[in-house]
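Single-letter residue listing:
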Amino acid sequence: MKEQVIAFELNGEKVETYTDPALSLLHLLRSRFNLLGTKEGCGRGECGACTVLVDGRAVNSCLVPAGKVRGRKVYTIEGVTAEGLLRGAKVHPLQEAFVESGAVQCGFCTPGMVMSTYALLNDNPSPSPEEVREAISGNLCRCSGYKQIEEAVLEAAQRLKAQDWQDRNSGKT
Ligand code: FES
Ligand code: FES
């Protein structure tokens, strides 16, 4: 397809690029914006490794054509990390809890897991274990086991409440 100008918001900043609107958002993020935290696993909507937020909703970026994000807000794992840095931490409390709970082994699924559960915690700051499992039901992990991931998300929910992470909504909804 013919290349077009596509303007959208990426991790809180307005961006514009000239691209084939049929290119996947996953490839747009990785190749045009060098945001390599979003991973390509299956490339067909089955593994969740490529999860990002579009207007606050977790989506598989491998299935979203670049043309569909025109005027929308896209938020990636790099945006989540930047939130932690802005608050004087090294990473976001959710990422911290993943590491401390042993939920990261090879780490390939982790950005997608973090994005899915980040979206969950924005909508529901006190999820039940079942709600966490539901939120990550589209994210596959071959290594660490889902129990540690579930524990990490529940722990992160506590930390976010304790730290009163009020401005965590900036930029992605
Ligand atoms: S790479 Fe997108 S769902 Fe697997
Ligand atoms: S930590 Fe390796 S796939 Fe999940």
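Everything numeric here is computed off the predicted structure, so don't read it as measured data.

Student: Is there a simple way to explain helix H3 (residues 93-100) in this structure?
Tutor: Residues lying three or four places apart along an α-helix face the same way, a consequence of the helix completing one turn every 3.6 residues. Those residues of H3 that sit buried are Pro93, Leu94, Gln95, Ala97 and Phe98. Summarising the contacts, the buried residues of H3 are in contact with helix H2 (77-86), helix H4 (110-123) and helix H6 (146-162). The positive-phi residue at the C-terminal boundary of H3 is Gly102, with phi of around 75°.

Student: Please clarify how the packing of aromatic side chains should be interpreted in this entry.
Tutor: Geometrically, a pair of aromatic rings is defined through the distance of the ring centres and the angle of the planes. Per the stated rule, a full pass over the model turns up 2 aromatic pairs. Each ring, one from Phe8 and one from Phe33, has its centre 5.8 Å from the other, and the planes form 85°; the classification is edge-to-face. Here Phe33 lies in the loop between helix H1 (25-32) and strand E3 (51-54) and Phe8 lies in strand E1 (residues 4-10), a separation of 25 residues in the sequence. According to the relative accessible area criterion, Phe8 is buried, its value standing at 4%. Judged by relative accessible area, Phe33 falls into the partly exposed class, the value being 22%.

Student: How should I be thinking about the side chain of Ser24 in this particular structure?
Tutor: By secondary structure assignment, the location of Ser24 is in the loop between strand E2 (13-19) and H1. Here His27 takes part through its backbone nitrogen, which lies 3.1 Å from a polar atom of the side chain of Ser24. Here Ser24 is in contact with Ser61, Cys62, Val64, Pro65 and Ala66, once residues within four sequence places are set aside.

Student: What exactly am I supposed to notice about the packing of H3 against H4 here?
Tutor: The contact between H3 and H4 brings their axes to 10 Å, and the two run at 125°. With respect to H4, the axis of H3 lies oblique. Our pair here, H3 against H4, has a crossing hand that is right-handed. Seen from H3, the contacting residues are Leu94, Gln95 and Phe98; seen from H4, they are Thr110, Met113, Val114, Thr117, Tyr118 and Leu121. For the contact of H3 with H4, the per-class residue count stands at 6 nonpolar, 3 polar and no charged.

Cut-offs applied
Note on numbering: residues in each chain are counted from 1, in written sequence order. The naming scheme follows written order: chains are lettered A onward, ligands numbered 1 onward. The predicted nature of this model means local features are confined to residues of pLDDT at least 70 and side-chain atom pairs, given and counted, to a pLDDT of 80 or more, with totals for whole chains, interfaces and linings taken over all residues. To get the side-chain values, all heavy atoms of the structure are used, and hydrogens and water are removed first. Buried means the residue's accessible area, taken with a 1.4 Å probe over protein chains only, is under 20% of the maximum for its type, while exposed means over 50%, and partly exposed covers the values in between. Where helices and strands are cited, they refer to DSSP runs of H or I of at least four residues and of E of at least two residues respectively, numbered from the N terminus. In this analysis, two residues are considered to be in contact whenever any of their non-hydrogen atoms come within 4.5 Å of each other. For Phe, Tyr and Trp, where Trp contributes only its six-membered ring, two rings pair if their centres lie within 6.5 Å, and the inter-plane angle classes them as stacked under 30 degrees, edge-to-face over 60, or tilted in between. Two N or O atoms count as a polar contact when they lie within 3.5 Å, although within protein this holds only if one can serve as hydrogen donor and the other as acceptor, and sequence-adjacent residues are included solely when both atoms are side-chain atoms. For helices, the fitted axis covers only the stretch in contact; all axes are lines through C-alpha atoms, and the angles between them, taken along N-to-C directions, range from 0 to 180 degrees. Orientation is classified from the angle alone, with under 35 degrees giving roughly parallel, over 145 giving roughly antiparallel, 65 to 115 giving roughly perpendicular, and any other angle giving oblique. In this scheme the handedness of a crossing depends on how the near helix is turned from the far one: anticlockwise by less than a right angle means left-handed, clockwise means right-handed. Note on residue categories: nonpolar means Ala, Val, Leu, Ile, Met, Phe, Trp, Tyr, Cys or Pro, charged means Asp, Glu, Lys or Arg, and polar means any other residue, Gly included.

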